[in-house]
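Working through the structure, step by step
Each chain, written out:
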Amino acid sequence: MSEAKKLAIIATKGTLDWAYPPFILASTAAALGYDVQIFFTFYGLQLLRKTLDLKVSPLGNPGMPMKMPFGPKWFKGINWNIPNLVQSLVPGYEALATTLMKQTVRNSGVASIPELRELCREAEVKFIACQMTVELFGFEHGDFIDGLEFGGAATFFEFAGESDICLFI
Amino acid sequence: MADKELDARGLNCPLPILRTKKMLNDLTGGQTLRVVATDPGAVKDFQAFAKQTGNELVESAEANGEYTFILKKKA
């Protein structure tokens, strides 16, 4: 398979919304015949935890529409413009936004993150966890799913240096 | 008649492509797979998938919001 194209991804974000791009691109590239590696660093390590507890926060994110995933069409169409100040004061606001996003995802036939992660593994996408940030954030290797490789920047470049596409997410 | 069928209705990107790839693995060269999808993005995606993987897109049709693709597995 040395003729296969290579895709190298650096995943640095640890929220529910930003968990999608690395897993979608990696699984699709693998389906197209690419050899794929993802290097998870900083908050991206959250995507490798045994128990995923990813959340999304609309606070300070003016690009995120706040829409309801249920009710009649006119109600779903409303973009709830909630001021940052209110968002920051209401307890459980992030948990609510996360629940709503997960429901929207289900309604639209979009895969869940655990499902996409599993599809990546089945397609032999290689996951590498950044050892330095594992230590920096006080994680243990046991916090993460099995079958990971732990390495540093040099490990990443070994593959990335020969890659056809390299993405920082 | 295609050798295998995949119902990808209601699924969104990238699931139709991922499931298609999985099913193609079970076919032998020259056999065909018929996929039905509702994701409008699938039209371009199946063209791109065929072009990049060498599996031939024999048919691509749309009727009543459903997209039908027939892929022939690379020999």
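In what follows, the accompanying structure is described. (Residues numbered from 1 in each chain as written. Chains lettered and ligands numbered in written order. Predicted model: local features only at pLDDT ≥ 70, side-chain atom pairs only at ≥ 80, totals over all residues.)

Before going further, it helps to spend a moment on the interface of chain A and chain B. Contacts between chain A and chain B engage eleven residues on the former and eleven residues on the latter. Among the elements that make up the side of chain A that touches chain B, the one with the highest residue count is helix α1 (residues 20-31) of chain A (four residues). (Contact = placed C-beta atoms within 7 Å. Helix = DSSP H or I, 4+ residues; strand = E, 2+ residues; numbered from the N terminus.)

Once that is clear, we can look at the pairing of strand β3 (residues 126-130) of chain A. All names here are of chain A. Counted residue by residue, β3 has four buried out of five residues, so it is predominantly covered. With four bridges joining them, strand β2 (residues 35-40) and β3 adopt parallel strand pairing. Looking at β3, one finds that F39 is bridged to I128. Pairing analysis gives three bridges linking β3 to strand β4 (residues 149-151), with the strands arranged parallel. Paired with C130 across the bridge in β4 is G151. Following the backbone out of β3, through helix α6 (residues 131-136) and into the adjacent parallel β4, one traces a crossover that is right-handed. (Buried ≥ 20, exposed ≤ 12 C-beta atoms within 10 Å, placed from the backbone. Pairing = 2+ DSSP bridges. Right-handed = clockwise from strand over helix to strand, strands pointing away.)

Axis separation between α1 of chain A and helix α1 (residues 15-25) of chain B bottoms out at 9 Å; the angle between their running directions is 35°. For the pair α1 of chain A and α1 of chain B, the crossing hand works out as left-handed. Residues S27, T28 and A31 of chain A of α1 of chain A lie in contact with α1 of chain B, whose contacting residues are I17, L18 and K21 of chain B. Grouping the amino acids of the contact of α1 of chain A with α1 of chain B by side-chain chemistry returns three nonpolar, two polar and one charged. (Axes fitted to C-alpha atoms, helices over the stretch in contact; angles between N-to-C directions. Left-handed = near helix turned anticlockwise from the far one by under 90°. Nonpolar A, V, L, I, M, F, W, Y, C, P; charged D, E, K, R; others polar.)

A few words now on the nonpolar core. Among the nonpolar cores identified, the biggest contains 50 residues, and I9, A26, A30, V36, I38, F40 and A129 of chain A are the most heavily contacted of them. Setting aside residues no more than four positions away along its own chain, I38 of chain A makes contact with I9, A11, P22, A26, V125, F127 and I128 of chain A. (Core = buried A, V, L, I, M, F, W, Y, C linked by C-beta atoms within 7 Å.)

Here the focus is the sheet that holds strand β1 (residues 4-8) of chain B. Each strand in a sheet pairs with another by means of backbone hydrogen bonds, the pair being arranged parallel or else antiparallel. Residue and element names in this part refer to chain B. Read across the sheet, four strands follow the order β1-β2-β4-β3 without closing on themselves; strand pairing throughout is mixed. The open sheet has two edge strands with one neighbour each: β1 and β3 (56-63). Taken over all neighbouring pairs, the strand axes of this sheet differ in orientation by 15° on average, direction set aside. In the sheet, strand β2 (residues 32-37) pairs with strand β4 (residues 66-72) via six bridges, with the strands oriented antiparallel. Opposite L33, over in β4, you have L71 as the bridge partner. Across the sheet, α1 touches β1, β2 and β4, and the angle it forms with β1 is around 160°. Most of the contacts of helix α2 (residues 42-53) go to β3, to which it runs at about 175°, and overall it touches β2, β3 and β4.

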